[in-house]
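Summary of the model geometry
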Amino acid sequence: MCTVCGCGDGETKVHGHGHSPDHDHGYGHHHHHHDHHHYGQGPAGTEVPGMSQDRLIEIETGILAKNDQYAQANRTRLAARGILAVNLVSSPGSGKTTLLCKTIESLGDQPLGVIEGDQQTQNDADRIRATGARAVQVNTGKGCHLDGHMVGHAMDHLDLAPGSLLFIENVGNLVCPAAFDLGEDGKVAILSVTEGEDKPLKYPDMFTAARLAILNKIDLAPHCDVDFDLYEANLRRVNPGIEILRVSARTGEGMTEWIDWLRTHLADKSVPEAAE
């Protein structure tokens, strides 16, 4: 049992290649108790029968430390090629796949690739490939997030050109992906206006970790009594420095600002000619 995150004993598959659930192949087999309601009183914040709190913390620290080694290797690879990597995180149903497809279309001939994290299906990856983009599917089985090792494997398959954009669409979940660095330049949290203005307060770790929040589906705002100011106030309450964009992937409203954000941050990553 492990306390980092609520994953079952499923195997992780990258591009259809199975990986045995050992410590070198992702962390899809680790457990966590966010599906139970009894959090332990000890410093690890959870209890596993027969295991001391100190041991739990040691295991949790080890998993995250190992992940961070993979993430740092990814970060070094991306920096060397001037690739901007964005980790897209959200609840299920935020509209992030639709937003990603529209984003790819809006970017035109910009070189890019997608790593698509999903527990079971590859429907989202198929939708992304329909735009003409290269996409690698990572099925996490019962795992509820991508990790640094999975992303490194997927990057091997993508073989992105220098100056590319890399979109990592994480598993729909606002808990576990907050803890796992993938080597990305930033997390972008996508929040549908239909989800409720208190969402950032319910999942503060994720919104604290995010550089940018996209309020998506703003075309639906008239139908669901949305208070944009309250959304933004709650986002800034948990993360005073967060950037916020209001977007409708469906109507295209706000897409220009999002594309500009991506292009600006990509330009910041560009490798000087002499260094290539």
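Keep in mind it's a predicted model, so treat the numbers as computed, not measured. Here the residue numbering is sequential within each chain, running from 1 through the sequence in written order. In keeping with the predicted nature of the model, local features appear solely for residues at pLDDT of at least 70, side-chain atom pairs appear and are counted solely at 80 or more, and the whole-chain, interface and lining totals rest on all residues. Calculation of side-chain values draws on the structure's entire complement of heavy atoms; hydrogens and water are dropped beforehand.

With that settled, consider the overall build of the protein chain. Here a strand is any run of E in DSSP of at least two residues, a helix any run of H or I of at least four, and the numbering for each starts at the N terminus. Helix and strand counts for the protein chain come out as eight helices and nine strands. We call a residue buried when its accessible area falls under 20% of the maximum for its residue type, exposed when it is over 50%, and partly exposed in between, using a 1.4 Å probe and counting protein chains only. Every one of the 276 residues in the protein chain was classed for burial, and the buried ones make up 54%. In the protein chain, once contacts between residues fewer than 6 apart in sequence are set aside, the share between residues at least 24 apart is 73%. Residues count as neighbours in contact if any of their non-hydrogen atoms are within 4.5 Å of one another.

Position of S248 among the secondary structure elements: in the loop between β9 (243-246) and α8 (255-269). Between N or O atoms, a polar contact is any pair within 3.5 Å; within protein, one atom must be a potential hydrogen donor and the other a potential acceptor, and residues adjacent in sequence are included only when both atoms are from side chains. A distance of 2.7 Å separates the side chain of S248 from the side chain of D219, its partner in a polar contact. A polar atom in the side chain of S248 sits 3.0 Å from the backbone nitrogen of T251. In this view, S248 contacts N216, K217, I218, D219, E253 and M255; residues no more than four positions away in its chain are not counted.

Quick look at the pairing of strand β7 (residues 186-192) now. The buried fraction of β7 amounts to seven of the seven residues, a majority that puts the element mostly inside the structure. For two strands to count as paired, DSSP must find a minimum of two bridges between them. Here strand β3 (residues 84-90) runs beside β7; their pairing, made up of five bridges, is parallel. Paired with V89 across the strands is A189, a residue of β7.

To define a nonpolar core, start from buried Ala, Val, Leu, Ile, Met, Phe, Trp, Tyr and Cys residues and group those joined through side-chain atoms within 4.5 Å. If you look at the biggest cluster of nonpolar residues, it comprises 28 residues, and the most contacted ones within it are F167, V188, W258 and L262. Among the elements that line this core, the one with the most residues is α8, at six residues.

For salt bridges, the criterion is a side-chain nitrogen of Lys or Arg within 4 Å of an Asp or Glu carboxyl oxygen. Per the stated rule, a full pass over the model turns up twelve salt bridges. Here R77 ties to D156 by a salt bridge, and the two come within 3.0 Å at their closest N and O atoms. Taken as a pair, R77 in helix α1 (residues 53-80) and D156 in helix α4 (residues 148-158) lie far apart in primary sequence, 79 residues in all. Looking at R77, the relative accessible area reads 35%, which means it is partly exposed.

Taking 1.5 Å per residue, twelve residues should reach 16 Å; helix α2 (residues 96-107) reaches 16 Å between its end C-alpha atoms and fits that length. Those residues of α2 that fall on the buried side of the exposure criterion are K96, T97, L99, L100, C101, T103, I104 and L107. Looking one or two places after α2, you find G108, whose phi comes out positive at around 60°. What a helix should span is 1.5 Å times the count of its residues minus one.

Relative to β9, strand β8 (residues 210-216) runs parallel, the two sharing four bridges. Bridge pairing links A213 to I244 in β9. Assessed by its sense of winding, the connection that carries the chain from β8 through helix α7 (residues 228-238) to β9 is right-handed. Here a crossover is taken to be right-handed if, once the strands point away from the viewer, the path from the first strand over the helix to the second is traced clockwise.

Compared with the 40 Å implied by 1.5 Å per residue over 28 residues, the 40 Å span of α1 between its first and last C-alpha is a close match. Within the sequence span of α1, burial applies to Q53, L56, I59, I63, N67, A71, N74 and L78. Where α1 is buried, its residues touch β3, α4, β6 (165-169) and α8. Directly after α1, the chain includes G82, whose backbone phi takes a positive value near 65°.

Glancing now at the packing of α2 against α8. The contact between α2 and α8 brings their axes to 11 Å, and the two run at 70°. Relative to α8, the element α2 lies roughly perpendicular. Across from L99, K102, T103, S106 and L107 in α2, the residues of α8 making contact are M255, W258, I259, L262 and R263. Axis lines are fitted through C-alpha atoms, for helices just across the contact stretch, and the angle between N-to-C directions can take any value from 0 to 180 degrees. In this scheme, roughly parallel covers angles under 35 degrees and roughly antiparallel covers those over 145, while 65 to 115 is roughly perpendicular and the rest are oblique.

Turning next to the confidence of the model for the protein chain. Overall, the prediction assigns the protein chain a mean pLDDT of 86, with 82% of residues at 70 or greater. For every residue, the predictor assigns a confidence score, pLDDT, that lies between 0 and 100. A low-confidence stretch, residues 16-40 (pLDDT under 50), is modelled with 84 contacts involving residues beyond four sequence positions or located in other chains.

Turning our eyes to something else, we now look at the packing of α1 against α4. Two numbers describe how α1 lies on α4: the axes approach to 7 Å, and their chain directions differ by 30°. With respect to the hand of their crossing, α1 and α4 are arranged in left-handed fashion. Across the interface between the two elements, N67, Y70, A71, N74, R77 and L78 of α1 pack against G148, H149, V151, G152, M155 and D156 of α4. A class-by-class count of the residues in the contact of α1 with α4 yields five nonpolar, five polar and two charged. The handedness criterion is simple: a crossing whose near helix is rotated anticlockwise from the far helix by less than a right angle is left-handed, and one whose near helix is rotated clockwise is right-handed. Under the convention adopted here, Pro, Cys and the residues Ala, Val, Leu, Ile, Met, Phe, Trp and Tyr are nonpolar, Asp, Glu, Lys and Arg are charged, and Gly plus all remaining residues are polar.

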